[in-house]
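Coordinate analysis (summary)
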Amino acid sequence: MVCHDTTGKYKKVLTSAGMSAKDINLKTIAENVGHTSRASCGACHFYGGEGDGIKHGDISSALLNPDRSCDIHMGEYDFTCVECHKSENHKIYGRSSSVPVTEGVVSCSDCHSDTPHNLSETFDYHLNEHCKTIDCNTCHTPLYAKCKPTKIWGDWSKAGDKKRKPKKDKYEQPDYNPKKGELKWEKSVKPSYAWFNGYMNRIFIGDKVNINREIINITSPVGSVKDPNSKITPFKIMKGVQAVDAENKYFLIPHLCAKDKNDTTAYWKNFDWDKSFTEGMKTAGLDYSGQYKWVETWMYWRIAHEVMPADSALSCVDCHQSLKNEKTCNKCHKNQEGIDFKKIANKGIDFEYMEAAGRDVGELKDKTDYINFKSLGYEGDPIIYGGRFKKLPLKE
Ligand code: HEC
Ligand code: HEC
Ligand code: HEC
Ligand code: HEC
Ligand code: HEC
Ligand code: HEC
């Protein structure tokens, strides 16, 4: 019903475990089923993590009617979700960053091929070469949460202070919620970059973790600079503080939402972590030692939506410091009459213009280190120091 309702009237209740609301006319809704839409898929996916745009950095209600600069496919070309997420027998293609189930893969290359650039003789060669090493979205989605803020930090250890007054940040989002603790939000965010070969590491319920680590990754991409199947891929990292069992060394599952008026263990009603963990772990069928500890956690969410118009892709200069100065393409190629190499090397996203248009991107202007080559395993700018498998004779 959620997927196929076209009346917009179908409703579920948060606390009723997926059952539909009582005050809706199921007959009318059943008579009006139809194709899925951005609104019907979005009824769940826009609001993951209990609110608009909270969970994914690149999926929010902004995709209902996006501006072309928010998402070119769903804005300018009016794509539905299923134009990319094709399905067979209700198996919806598309891998998730969090759940290990997979019903098929969606890739930009399904439609655009592995060598998608074919408009400009001078520009296309290197762009297509880069597709072997760099995920499309690295260049084509240089910012996420462009049109709605997303939550990037949630410190559960600070929850429970009912006297603390939440302050609104510059995006009109609260910095505190007694049920959830301290919160941080961001908009028009530069992604984090990591090597990714299509697989994710994940921690499951009951998995032992090293609770003394500074940061525990709940999910993280698998990949490396040495793996030819890995590409440099953009992610939102959701950071926060969560509880682990100090003796059993696994994550604790709290009981949050009150079952009814008489519930004495739900955290959101009683604000007592110990009771909430006892109840939550009992339901999960796992032992709770009674000792808990707060740890910092990171969770990687891949950025695959909010593709910008082609002329807002990263420019050569956004990544290569070595192409910034007087010598650009003519470091390696002979000057050619009628071709302005400098202009080509600088062609791409214009942060100055975006800032003037009201986006919070001031700190990204005039930078040439959009991705950090060293932290990705390179010696430095590959134009000077060489690519991962080959070296141009430039260092000498
Ligand atoms: C009733 C809520 C709901 C609706 C409606 C819904 N989804 Fe999902 N979907 C989920 C949940 C829950 C998951 C698993 C958790 C996650 O990855 O966030 C999921 C997972 C996915 C995944 C990740 C891969 C996988 O199989 O786990 C894709 C892709 C996806 N949905 C696409 C869609 C599309 C396209 C539509 C519309 C045709 C849609 N969903 C409608 C709830 C929904
Ligand atoms: C232009 C193509 C395109 C459109 C349109 C699109 N998606 Fe996706 N989506 C992708 C790609 C590519 C992935 C990565 C899937 C993979 O690796 O198999 C993805 C991944 C996802 C995931 C998994 C995210 C994660 O990292 O866990 C969800 C959920 C999802 N899409 C939902 C939606 C919804 C809902 C819509 C419509 C509002 C939508 N998508 C529209 C291309 C698209
Ligand atoms: C279901 C097919 C499909 C998928 C999947 C798809 N695209 Fe597209 N894309 C199109 C179509 C159709 C257009 C419209 C214009 C054209 O034909 O180039 C387009 C246009 C574009 C443009 C040019 C926009 C402009 O007009 O300035 C870019 C850039 C782009 N896609 C990147 C991507 C990226 C990155 C992905 C993966 C996240 C992706 N596409 C996934 C079909 C697709
Ligand atoms: C190194 C950065 C980079 C990578 C990686 C990259 N692109 Fe592009 N792409 C660009 C730039 C820059 C342009 C603008 C070209 C122009 O203005 O002539 C562009 C243009 C496009 C266009 C529209 C114009 C054309 O040439 O047809 C599409 C569609 C496109 N890219 C899709 C993709 C897809 C799909 C991938 C992944 C397989 C990808 N790109 C990977 C930088 C990149
Ligand atoms: C998203 C960042 C990014 C952008 C944008 C980008 N590059 Fe690169 N470039 C890289 C990476 C990463 C490598 C290393 C690839 C490898 O390991 O083989 C590289 C390698 C190169 C190399 C080859 C060096 C060697 O020894 O193999 C050349 C030449 C180059 N880039 C030119 C360009 C040009 C021209 C543009 C603009 C059309 C451009 N790059 C845009 C990241 C980028
Ligand atoms: C670090 C050296 C380097 C830089 C900088 C560089 N290129 Fe290249 N370029 C190469 C190499 C090497 C090839 C591959 C030549 C071959 O395979 O014969 C190549 C190939 C090309 C080709 C394919 C046609 C040909 O001549 O083989 C074009 C077009 C091109 N480059 C344009 C550019 C442009 C435009 C820029 C600047 C935006 C640029 N290059 C910057 C090294 C470079």
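Residues numbered from 1 in each chain as written. Chains lettered and ligands numbered in written order. Predicted model: local features only at pLDDT ≥ 70, side-chain atom pairs only at ≥ 80, totals over all residues. Heavy atoms only, no water.

Overview of the coordination of the iron atom of ligand 3
Listed as protein donors to the iron atom of ligand 3 are H73 (NE2) and H112 (NE2); their distances from the metal cover 2.0 Å. One can describe the donor arrangement at the iron atom of ligand 3 as octahedral, given that its 6 donor atoms subtend angles of 87 to 180° at the metal. One end of the pair, H73, is in the loop between α2 (38-45) and α3 (81-84); the other, H112, is in helix α4 (residues 109-112), and 39 residues separate them in sequence. Given a relative accessible area of 21%, H73 falls into the partly exposed group. (Donors = N, O, S within 2.8 Å, 3.2 Å for Na, K, Ca; no water. Tetrahedral: all angles 85-135°; square planar, octahedral: opposite > 155°, others 65-115°. Helix = DSSP H or I, 4+ residues; strand = E, 2+ residues; numbered from the N terminus. Buried < 20%, exposed > 50% of the residue type's maximum accessible area, 1.4 Å probe, protein only.)

Points about the state of the cysteines
In total, this model carries 1 disulfide according to the counting rule given. Between the sulfur atoms of C70 and its disulfide mate C147 the distance is 1.6 Å. Taking the torsion about the sulfur-sulfur bond, which here is approximately -85°, the covalent link between C70 and C147 counts as left-handed. Of this pair, C70 sits in the loop between α2 and α3 while C147 sits in the loop between α6 (136-140) and β3 (150-155), and the two are 77 residues apart along the sequence. Summary of cysteine pairing: C131 is not part of a disulfide, and the nearest cysteine sulfur, belonging to C136, is at 5.6 Å. (Disulfide = S-S within 2.5 Å.)

Looking at the coordination of the iron atom of ligand 4
Donor atoms from the polypeptide that bind the iron atom of ligand 4 are H117 (NE2) and H140 (NE2), placed at 2.0 Å. Every donor counted, the 6 donor atoms about the iron atom of ligand 4 form angles of 86 to 177° at the centre, which fits octahedral coordination. Here H117 is found in the loop between α4 and α5 (124-130), whereas its partner H140 is found in helix α6, with 23 residues between them in sequence.

What to know about unusual backbone geometry
Notably, S113 is not glycine yet its phi reads approximately 70°, a positive angle. Here S113 lies in the loop between α4 and α5. The exposure class assigned to S113 is partly exposed, which follows from its relative accessible area of 36%. Phi at K249 is positive, roughly 60°, even though this residue is not glycine. Structurally, K249 is set in the loop between β9 (231-245) and α7 (267-270). Overall, the relative accessible area of 35% leaves K249 in the partly exposed class.

So, the pattern of salt bridges
Pairing is possible between side chains of opposite charge, provided their charged atoms come close. Taken as a whole and assessed by the stated rule, the structure comprises 16 salt bridges. The residue E76 makes a salt bridge to R68 at a minimum N-O spacing of 2.3 Å. We classify E76 as partly exposed; its relative accessible area is 38%. You can call R68 partly exposed: its relative accessible area is 40%. Between E182 and R164 there is a salt bridge, with its nearest N and O atoms 2.9 Å apart. In this pair, E182 is assigned in strand β5 (residues 181-186) and R164 in the loop between β3 and β4 (176-177), connecting sequence segments 18 residues apart. Taking relative accessible area as the criterion, E182 reaches 23% and is therefore assigned partly exposed. R164 sits in the partly exposed class, given a relative accessible area of 28%. A single salt-bridge network, built from bridges that share partners, covers D155, K158, R164 and E182. (Salt bridge = Lys/Arg side-chain N within 4 Å of Asp/Glu carboxyl O.)

Overview of the domain arrangement of the protein
In terms of domains, the protein is made up of domain 1 (35-252 + 288-302) and domain 2 (314-328 + 338-385). Distance between the C-alpha centres of domain 1 and domain 2: 24 Å. Taken over both partners, the interface formed by domain 1 and domain 2 buries close to 1600 Å², and the fraction arising from carbon and sulfur atoms is 64%. The largest share of the area that domain 1 buries against domain 2 comes from F123, L143 and K190, three residues that together contribute 29% of it. Joining domain 1 to domain 2, the criterion identifies 1 salt bridge. (Domains from an automatic or database assignment. Buried area = accessible area lost by both parts, 1.4 Å probe.)

Quick look at the site of ligand 1
As a matter of local geometry, ligand 1 sits amid 18 residues, with C41, C44, H45, K55 and G94 nearest to it. The separation between a nitrogen atom of ligand 1 and a polar side-chain atom of H45 is 2.8 Å. Between S96 and ligand 1, the recorded distance is 3.4 Å, taken from a side-chain N or O atom to an oxygen atom. Going through the elements one at a time, α2 and α3 are the ones with two or more residues in the shell around ligand 1. Looking at which element gives the most residues to the shell around ligand 1, the answer is α2, with 4 residues. Split by residue class, the shell around ligand 1 holds 9 nonpolar, 7 polar and 2 charged. (Near = heavy atom within 4 Å. Polar contact = N/O pair within 3.5 Å; in protein donor to acceptor, adjacent residues only side chain to side chain. Nonpolar A, V, L, I, M, F, W, Y, C, P; charged D, E, K, R; others polar.)

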